Amino acid sequence: SPESIWDQLLSRQPEQIRAAYNRLSPDEQEDVLRHLGRMASEPGWHTEQVLSAHAALSVLGDTAGG
């Protein structure tokens, strides 16, 4: 479910983040990266969401780039 995917993406657990991301289609992966970028940079997100988004982007930067 989308909720389960987001729970994993925002878990701050590299293995869970990678597993959830890798189950997505390339288009969904792009959407996720865009959304995480907004969460990490736009005002209005809860502090914990921002920290989780940064953590996911860090992990996925390794995944997407490698």
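Before going into details, it helps to say that this report is about the structure given with it. (Residues numbered from 1 in each chain as written. Predicted model: local features only at pLDDT ≥ 70, side-chain atom pairs only at ≥ 80, totals over all residues. Heavy atoms only, no water.)

### Some details on the overall build of the chain
Working step 1: Counting its secondary structure elements, the chain contains 4 helices and 0 strands.
Working step 2: A compact globule built from 66 residues would reach a C-alpha radius of gyration of about 11 Å, and the chain, at 11 Å, matches this within 12%.
Working step 3: If you line up the chain on its principal axes, its C-alpha atoms span 30 × 25 × 20 Å.
Working step 4: Among the 66 residues that make up the chain, the fraction classed as buried is 24%.
Working step 5: Sequence separation of 24 or more characterises 47% of the internal contacts of the chain that already satisfy a separation of 6 or more.
Working step 6: Looking at the chain, you have 5 positive and 10 negative side-chain charges, and the mean spots of the two groups are 2 Å apart. (Helix = DSSP H or I, 4+ residues; strand = E, 2+ residues; numbered from the N terminus. Rg over C-alpha atoms; globule rule 2.2 N^0.38 Å. Buried < 20%, exposed > 50% of the residue type's maximum accessible area, 1.4 Å probe, protein only. Contact = heavy atoms within 4.5 Å. Lys, Arg positive; Asp, Glu negative; His and termini not counted. Charge placed at Lys NZ, Arg CZ, Asp CG, Glu CD.)

### Examining helix α2 (residues 14-22)
Working step 1: Looking only at α2, the buried set comprises Ile17, Ala20 and Tyr21. What you see down the axis of α2 is that its buried residues fit within an arc of 100°, all on one side. Summarising the geometry of α2, the exposed residues directed more than 90 degrees from the buried face are Glu15 and Asn22. (Arc of directions from axis to C-beta.)

### Things to note about the nonpolar core
Working step 1: In this structure, Leu9, Ile17, Val32, Leu36 and Leu60 are the most contacted members of the largest nonpolar core, which totals 14 residues.
Working step 2: For this core, the elements supplying multiple residues, two or more each, are α1 (2-9), α2, α3 (26-41) and α4 (47-65).
Working step 3: When neighbours within four sequence positions are excluded, Val32 is seen to be in contact with Trp6, Leu9, Tyr21 and Leu24. (Core = buried A, V, L, I, M, F, W, Y, C linked by side-chain atoms within 4.5 Å.)

### Observations regarding the side chain of Ser52
Working step 1: Tracing the sequence through the fold places Ser52 in helix α4.
Working step 2: On the basis of relative accessible area, Ser52 is assigned to the buried category, the value being 7%.
Working step 3: When neighbours within four sequence positions are excluded, Ser52 is seen to be in contact with Leu10 and Arg12.

### Concerning the packing of α1 against α2
Working step 1: Axis separation between α1 and α2 bottoms out at 7 Å; the angle between their running directions is 140°. The angle between α1 and α2 falls in the class oblique. Every pair of crossing elements has a handedness; the one defined by α1 and α2 is left-handed. Contacts from Ile5, Gln8 and Leu9 of α1 reach α2 at Gln16, Ile17, Ala20 and Tyr21.
Working step 2: Residue composition of the contact of α1 with α2, grouped by class: 5 nonpolar, 2 polar and no charged. (Axes fitted to C-alpha atoms, helices over the stretch in contact; angles between N-to-C directions. Parallel < 35°, antiparallel > 145°, perpendicular 65-115°, else oblique. Left-handed = near helix turned anticlockwise from the far one by under 90°. Nonpolar A, V, L, I, M, F, W, Y, C, P; charged D, E, K, R; others polar.)

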